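Structural overview for review
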Amino acid sequence: MDDISIVLCGEAGQGIQTVEKLFTKIVKKAGFNVFSTKEYMSRVRGGSNSTQIRISSKPVSAYIDRIDILIPLSDESLEHVKKRISKKTLIIGEDKYIKNSKTNNKIEIPITQLAKSIGNIIYSNTIAVGLLSSICGINKKILNNTIEEYFINKKKELVKNNIKAANKGYENCLEQINKDKIKTIISPPNKKNDNIILNGVETIGLGALAGGCNFISSYPMSPSTGLLTFLSKHSKEFNIIAEQAEDEISAINMVLGAWYVGARGMVTTSGGGYALMTEGVSLAGMIESPVVIHLGQRPAPATGLPTRTEQGDLEHAIYSSHGEFPKIIFAPGTLEDGFYLTQKAFNLADKYQIPVYILTDQYFIDSFYDIPKLDIKNINNINHFIKTDKDYKRYKITKNGISPRGIPGYGNGLVCIDSDEHDEEGRITENSDIRIKMVNKRLKKLSEIKKEIIPPELYGEKDYKILVIGWGSTYHIIREAIENISRKDIAFLYFKQVYPLHNETINYLNKAEKTIIVENNATSQFSKLIRQQTGYEIKNKILQYDGSPFSVETIIKEIQKMRES
Amino acid sequence: MNEKTYDVGLVNTAWCPGCGNHSILNIMKQTLLELKIKPGNLVVVSGIGQAAKIPQYFKTNYFNGLHGRALPPATAIKISNPNLTVIAESGDGDMYGEGGNHFIHAIRRNPDITNIVHNNMVYGLTKGQASPTSEYGFRTPIQINGVVSEPFNPISTAIALDASFVARAFSGDIKKTKSILKKAIQHKGYAIVDIFQPCVTFNKINTFDWFKENTYYLDDSYNSTDRIEAFKKSIQNDKLPLGVFYVNKNKKTFEQNLKLHQQNNKPLFKNIVKFDKILKLISLGT
Ligand SMILES: Cc1ncc(C[n+]2csc(CCOP(=O)(O)OP(=O)(O)O)c2C)c(N)n1
Ligand code: SF4
Ligand SMILES: [Mg+2]
């Protein structure tokens with residue numbers, strides 16, 4: 001086998017995340033490509049959470065249902081993932097957690113007992129890392145070195161014990177493997193892997209840094225909080241102000257204040273928090289302020305499923321906020337896109353003085369995989385604010401609708417902005433001629449924006465008959481499905497800019513005999529948008545809204561069904 | 001700078017004749033002039049309401065934002081460019097009602113901004129509904145049996161939260177209000193000045209004469225550094241004290257507490273992106 005899927009399942013607070021972090025580092029060092037993603041409950045202790053780690057000698061970056069190796073770490077684990085267990089699934093763990101499994105394909109390892117023998121049950125996690133390493137045929141040296149690096153800032157004693165624990169797990173498992181004549185399932189490839197491992201939220205964070213972000217104000221809300229944490233962590237090094245606001249209303253209004261004096265600010269939030277921000281977004285529309293909004297979607301309405309995934313807020317992002325004004329919405333589907341689009345978002349927001357969205361979701365945010373080092377050679381940032389002169393008018397009517405943006409304290413002019421309708425100087429007015437001019441001016445920016453819409457990308461056969469359409473985080477899942485189907489008549493059209501839509505969209509659709517949309521929501525919001533903008537109705541829909549990401553298998557199965565019908 | 005520095009020429013204000021707002025505008029211009037603050041170096045942040053229109057009527061940079069939301073941008077402006085003088089100014093409904101949460105948290109953060117509230121104890125712009133500071137029994141077309149909720153006391157709330165400067169003034173007294181405002185603007189840290197302001201159109205109870213009769217000034221013997229005394233004064237309501245209730249000079253400002261501004265006051269717009277450091281982070285992965 002060249003592609004295995006390992007699933008760890010246990011309670012919140014058991015430290016599965018440590019195993020995930022450490023083990024993915026180890027396998028990457030051994031030359032493997034690796035992907036991991038997790039699903040978890042909205043609680044701090046107990047319940048059932050699971051993490052999938054895929055290992056392969058080829059790049060892997062999508063969620064699959066299949067489980068090749070399962071490590072249950074709690075009483076409920078087997079039950080929790082039972083739909084995904086097959087006869088081929090190898091189950092490894094403590095007797096009490098594996099004894100109820102119906103298959104014989106299992107290895108018993110007394111993890112807790114081994115941990116206790118080293119002095120503390122907290123070493124259970126490292127023991128799990130050790131046993132997984134032996135199953136994957138990983139060199140012990142790599143195992144030990146990585147553990148040493150991982151715990152580098154910890155006490156010597158602790159490092160020593162962790163190495164001991166990993167080795168116990170490793171050898172114990174090896175013994176069982178030999179005894180039960182279970183072959184190591186996968187062996188490390190003969191190559192070096194110089195890639196870096198990142199998750200979705202880190203690429204957004206790095207993109208923000210690269211885009212010159214120096215101000216973030218937000219209110220914690222899963223799954224978006226990681227970005228606030230990331231930028232806070234790096235705030236000192238990069239001169240960033242990172243503030244936890246009293247609520248989302250304050251957060252966005254702070255960020256608008258920051259842009260007003262020339263900072264580059266962003267907010268990070270999820271549906272409910274974004275709902276509170278919408279008046280502020282409308283203010284950005286009126287005062288023509290740049291703002292970057294990271295909206296990490298989760299299932300709604302209301303509090304919904306706080307820690308799970310959905311693409312249910314596309315319409316919310318497009319149509320929220322009263323009044324008419326332009327905006328741009330990006331929906332990255334790859335880690336690279338997360339980085340480059342976020343960097344770009346700051347420059348476009350600044351250039352057009354509008355809100356720019358990075359629309360992600362829990363699945364995108366929490367998934368890791370390895371990618372080649374991000375290239376930043378060709379990245380540059382342009383600050384679009386100007387030094388004002390004495391007669392400066394903030395809302396000067398110009399040909400393309402963009403009025404040069406001054407900032408207080410830079411130049412000799414005054415910068416006056418107003419949430420009421422205003423004249424060129426920014427003073428309140430109800431003059432209907434000026435009103436019309438100002439509405440037109442704001443909307444005119446859209447024609448400029450349209451000149452640089454990112455086109456959708458086509459994968460698969462150029463002469464397709466069947467066209468599968470997706471946006472944002474489903475990218476890798478759909479792509480792997482299409483590659484698996486490997487038929488000559490199928491292609492995948494991926495949108496990373498979902499609003500405004502690119503002009504070419506309709507041509508791609510018209511060329512297909514059959515179009516299929518894939519969305520992680522119940523009403524197919526993107527196909528509604530496509531229909532509204534192009535008149536084209538996509539009739540075949542693969543929709544999922546149970547809070548989990550699509551699996552590659554589901555997409556294959558559904559496409560096959562539709563192809564035949 | 002001269003007497004005209006803050007004038008914007010002929011302005012047709014949206015205020016009723018006889019409204020206390022005219023007098024506050026006048027006091028503001030005089031105060032800023034006497035403090036020699038240059039209009040280009042000043043940002044007035046306001047919300048929505050009759051009071052909130054004030055920055056439109058004199059020369060200054062302004063951010064006339066949303067109803068209730070003056071304090072968050074004002075805070076952000078100050079920390080993003082500490083060299084600017086920042087005033088957040090609006091009505092009682094705006095600051096204490098719609099924006100009440102921000103009021104509490106601005107005090108907690110203690111940015112070096114001045115928060116001026118035109119307190120007419122009514123919603124002026126929306127034509128006469130009760131505000132958080134309206135008195136018990138105050139009748140309006142909505143509160144037809146009179147207000148039944150406890151009036152919000154911004155002074156005692158601010159002192160309870162250990163705001164670093166707390167004062168109350170009266171728009172009818174130019175000299176004294178100017179002197180209070182000067183102290184507030186010069187104070188390093190968050191300063192709240194609640195200004196009693198008669199609304200001649202919608203508040204027939206708390207009139208100019210009513211304020212005259214029901215207020216008195218804290219005298220020279222009053223010690224404004226004693227928080228307990230200040231709190232006692234703030235809940236006195238047979239006659240309402242005016243003046244500086246409380247000053248705490250020992251608090252660091254929000255800017256000072258931010259790591260970023262501990263070395264210097266460099267505004268964020270002068271930040272240069274550190275691509276070398278980003279590259280290093282990227283190479284590390286996670
Ligand atoms: C979100 C929102 N809600 C309501 C309003 C309507 N509104 C405008 S001003 C105001 C109250 C004004 O009262 P106050 O702040 O005391 O100012 P005044 O007019 O008395 O000076 C209200 C309710 C609004 N503009 N925005
Ligand atoms: S309504 Fe009241 S507060 Fe508003 S301008 Fe008239 S008198 Fe002043
Ligand atoms: Mg009022």
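Notes on the structure follow. (Residues numbered from 1 in each chain as written. Chains lettered and ligands numbered in written order. Predicted model: local features only at pLDDT ≥ 70, side-chain atom pairs only at ≥ 80, totals over all residues. Heavy atoms only, no water.)

1. Concerning the overall build of chain A
In terms of regular secondary structure, chain A is built from 20 helices and 23 strands. In terms of C-alpha radius of gyration, chain A reaches 26 Å, essentially the compact-globule figure of 24 Å for 565 residues. Expressed along its principal axes, the backbone C-alpha trace of chain A runs to roughly 85 × 60 × 40 Å. For chain A, the residues scored as buried account for 62% of the 565 residues in total. Considering only residue pairs separated by 6 or more positions, chain A has 74% of its internal contacts joining residues 24 or more positions apart. Only carbon and sulfur atoms are counted for the fraction: they give 48% of the accessible area of chain A, which is about 22,400 Å². Positive and negative side-chain charges in chain A, numbering 74 and 65 respectively, have mean positions lying 5 Å apart. (Helix = DSSP H or I, 4+ residues; strand = E, 2+ residues; numbered from the N terminus. Rg over C-alpha atoms; globule rule 2.2 N^0.38 Å. Buried < 20%, exposed > 50% of the residue type's maximum accessible area, 1.4 Å probe, protein only. Contact = heavy atoms within 4.5 Å. Areas by Shrake-Rupley, 256 points an atom, 1.4 Å probe, with all protein chains shown as cover. Lys, Arg positive; Asp, Glu negative; His and termini not counted. Charge placed at Lys NZ, Arg CZ, Asp CG, Glu CD.)

2. Considerations on helix H4 (residues 100-109) of chain B
Along H4 of chain B, 7 of the 10 residues are buried, which leaves the element largely enclosed by surrounding structure. Of the residues trailing H4 of chain B, Asn110 of chain B is marked for its positive phi of about 60°.

3. With respect to the sheet that holds strand E10 (residues 265-269) of chain A
Residues and elements named next belong to chain A. In space, the 7 strands of this open sheet follow the order E9-E8-E10-E11-E13-E12-E21, with mixed pairing throughout. Looking at the sheet topology across the chains shown, the edges are occupied by strand E9 (241-244) and strand E21 (497-499). Strand after strand, the sheet turns through a mean of 20° between neighbouring axes, direction not considered. Where strand E8 (residues 215-218) and E9 come together, 4 bridges link them in parallel fashion. By the bridge assignment for E9, Phe215 is matched with Ile241. Its contacts with the sheet put helix H12 (residues 271-287) on E10, strand E11 (291-297) and strand E13 (355-361), and the angle it makes with E11 is roughly 160°. (Pairing = 2+ DSSP bridges. Axes fitted to C-alpha atoms, helices over the stretch in contact; angles between N-to-C directions.)

4. Observations regarding the coordination of the magnesium ion (ligand 3)
All names here are of chain B. Every protein donor of the magnesium ion (ligand 3) is listed here as Asp92 (OD), Asn120 (OD1) and Val122 (O), and their distances to the metal cover 2.0 to 2.2 Å. Between consecutive donor residues of the magnesium ion (ligand 3), the sequence gaps follow D-x27-N-x1-V. Separated by 28 residues along the polypeptide, Asp92 in helix H3 (residues 92-98) and Asn120 in the loop between strand E4 (114-119) and helix H5 (154-160) bring together distant segments of the chain. Taking relative accessible area as the criterion, Asp92 reaches 2% and is therefore assigned buried. (Donors = N, O, S within 2.8 Å, 3.2 Å for Na, K, Ca; no water.)

5. Section: the nonpolar core
Counting 158 residues, the largest nonpolar core has Phe215, Leu231, Ile469 and Phe526 of chain A as its most contacted members. Core analysis: the second largest hydrophobic core is formed by 46 residues, Tyr123, Leu131, Ile147 and Phe368 of chain A among them. (Core = buried A, V, L, I, M, F, W, Y, C linked by side-chain atoms within 4.5 Å.)

6. Regarding the layout of surface pockets
All names here are of chain A. Of the pockets and cavities examined, the second largest pocket occupies roughly 620 Å³. Of all elements in the fold, only strand E2 (33-39), strand E3 (46-56), helix H2 (77-80) and helix H15 (362-366) reach the threshold of two or more residues within the lining of the second largest pocket. Broken down by class, the residue content of the lining of the second largest pocket amounts to 6 nonpolar, 13 polar and 9 charged. (1 Å grid on protein atoms, 1.4 Å probe; cavity = no way out; pocket = protein on both sides within 12 Å on 5 of 7 lines; lining within 4 Å. Points joined across faces, edges and corners; volume = space filled by probe spheres on them. Nonpolar A, V, L, I, M, F, W, Y, C, P; charged D, E, K, R; others polar.)

7. Concerning the packing of helix H1 (residues 16-29) of chain A against helix H5 (residues 124-135) of chain A
Residue and element names in this part refer to chain A. In the contact formed by H1 and H5, the axes pass within 10 Å of each other and the chain directions differ by 30°. As the angle between them shows, H1 and H5 are arranged roughly parallel. The interaxial crossing formed by H1 with H5 has right-handed handedness. Between H1 and H5, the residues in contact are Val19, Leu22, Phe23 and Ile26 and Asn125, Val129, Leu132 and Ser133, respectively. Counted by class, the contact of H1 with H5 contains 6 nonpolar, 2 polar and no charged residues. (Parallel < 35°, antiparallel > 145°, perpendicular 65-115°, else oblique. Left-handed = near helix turned anticlockwise from the far one by under 90°.)

8. Side note on the pattern of salt bridges
Residue and element names in this part refer to chain A. The final tally for this structure, using the stated rule, is 37 salt bridges over all chains. For the salt bridge of Lys528 with Glu315, the shortest nitrogen-to-oxygen distance reads 3.1 Å. Here Lys528 is found in helix H19 (residues 525-534), whereas its partner Glu315 is found in helix H13 (residues 314-319), with 213 residues between them in sequence. You can call Glu315 partly exposed: its relative accessible area is 24%. Members of the salt-bridge network, linked through shared partners, are Asp3, Arg54 and Glu480. (Salt bridge = Lys/Arg side-chain N within 4 Å of Asp/Glu carboxyl O.)

9. Points about the packing of aromatic side chains
All told, the structure shown has 25 aromatic pairs over all chains when counted by the stated rule. Look at Tyr260 of chain A and Phe63 of chain B: their rings are 5.4 Å apart centre to centre, the planes differ by 85°, and that puts the pair in the edge-to-face class. Note that Tyr260 of chain A is positioned in helix H11 (residues 248-260) and Phe63 of chain B in strand E2 (residues 61-64), a pairing that runs across two chains. As far as burial versus exposure is concerned, Tyr260 of chain A and Phe63 of chain B are alike and both buried. For the pair Phe492 of chain A and Tyr494 of chain A, a centre-to-centre distance of 6.4 Å together with 40° between the ring planes defines the contact as tilted. Owing to a relative accessible area of 0%, Phe492 of chain A belongs among the buried residues under this scheme. A relative accessible area of 1% places Tyr494 of chain A in the buried class. (Phe/Tyr/Trp six-rings, centres within 6.5 Å; stacked < 30°, edge-to-face > 60°.)

10. Brief notes about the site of ligand 1
Taken together, 17 residues form the shell around ligand 1, and within it Gln50, Asp92, Gly93, Asp94 and Gly124 of chain B come nearest. At ligand 1, the nearby residues belong to more than one chain, namely chains A and B. Val122 of chain B places a polar main-chain atom, nitrogen or oxygen, 3.1 Å from an oxygen atom of ligand 1. The separation between an oxygen atom of ligand 1 and a polar main-chain atom of Leu125 of chain B is 2.9 Å. In isolation ligand 1 has 590 Å² of accessible area, and contact with the protein removes 78% of it. (Near = heavy atom within 4 Å. Polar contact = N/O pair within 3.5 Å; in protein donor to acceptor, adjacent residues only side chain to side chain.)

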